[in-house]
Amino acid sequence: MRQVIPFTKDIEFKTMINEITNISLEHDLSLKDSYTINGNFIITGKYKINETSMQEDDFSYKIPIDISLDQSYKTDNIELEIEDFKYEKVDSNVLKVNIDLSLEN
C-alpha cells in the first residue's frame, strides 16, 4: 500500500529574500509506535538579501511533523521517502515550501 501525504508551510525569514541560491531538504522521520510517525523536515540552504550583493546568508529551519496512521495501515517495513519538494518566494521575507511525503509498505 502506498500513500502520499502533502505538507505546506510558510517559512518567515528575518530579512528580505532576493534569491535562494542553494536549498536542500532532509528528514529525521521515524515510526514512534505502530501507528504514529514523528520527526522533522529539515530545510537548509543559502540566500541573497539583494540583487547586487555577492554575500550569501545561511538558513536552517526544522518543521516538526506528527502523522497518525489509520490502524488498518500495515506499518511493518514502512518506507518514508520525500517524493516531491517545491518552494517559492511568496513575500519579500516568506518562502512557501510544498513537500510530498510518500509512505510505502
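Worth saying up front: this structure is predicted, and the values here are computed from it rather than measured.

Asks: Would you mind going over the packing of aromatic side chains in detail, with residue names and values included?
Replies: Using the criterion set out here, one finds seven aromatic pairs in the structure. Summarising the aromatic geometry, the rings of Phe13 and Tyr47 are spaced 5.0 Å apart at their centres and angled 80° between planes, so their arrangement reads as edge-to-face. Here Phe13 is found in the loop between β1 (2-12) and β2 (19-27), whereas its partner Tyr47 is found in strand β4 (residues 36-48), with 34 residues between them in sequence. Exposure remark for Tyr47: the relative accessible area of 6% places this residue in the buried category. Taken together, a centroid distance of 6.0 Å and an interplanar angle of 40° make the contact between Phe85 and Tyr87 tilted. Residue Phe85 is classed as partly exposed on the basis of its relative accessible area of 23%. Assessed through its relative accessible area of 38%, Tyr87 is described here as partly exposed.

Asks: So what about the nonpolar core? Which residues, and what values?
Replies: If you look at soluble globular proteins, the nonpolar side chains tend to sit buried side by side. Counting residues in each nonpolar core, the largest one holds 24 residues, and the members touching the most others are Phe41, Ile43 and Leu103. Taken together, the elements giving at least two residues each to this core come down to β1, β2, β4, β5 (57-68) and β7 (94-104). Looking at this core element by element, the count peaks at five residues for β7. Beyond its immediate stretch of four places on either side in the chain, Phe41 contacts Phe7, Leu25, Glu26, His27, Leu29, Tyr61, Lys62, Ile63, Ile65, Ile82, Ile99 and Leu101.

Asks: Got a sec to walk through the sheet that holds strand β6 (residues 79-91)? Specific residues and values, please.
Replies: Overall, antiparallel pairing links the three strands, which are arranged β1-β7-β6 in an open sheet. For this open sheet the edge positions go to β1 and β6, each flanked by a neighbour on one side alone. For this sheet the average axis-to-axis angle between neighbouring strands, irrespective of direction, equals 15°. For β1 and β7, the ladder comprises 11 bridges, and the chain directions are antiparallel. Bridging from a neighbouring strand, Ile5 pairs with Leu101 of β7.

The rules behind the values
Residues numbered from 1 in each chain as written. Predicted model: local features only at pLDDT ≥ 70, side-chain atom pairs only at ≥ 80, totals over all residues. Heavy atoms only, no water. Phe/Tyr/Trp six-rings, centres within 6.5 Å; stacked < 30°, edge-to-face > 60°. Helix = DSSP H or I, 4+ residues; strand = E, 2+ residues; numbered from the N terminus. Buried < 20%, exposed > 50% of the residue type's maximum accessible area, 1.4 Å probe, protein only. Core = buried A, V, L, I, M, F, W, Y, C linked by side-chain atoms within 4.5 Å. Contact = heavy atoms within 4.5 Å. Pairing = 2+ DSSP bridges. Axes fitted to C-alpha atoms, helices over the stretch in contact; angles between N-to-C directions.

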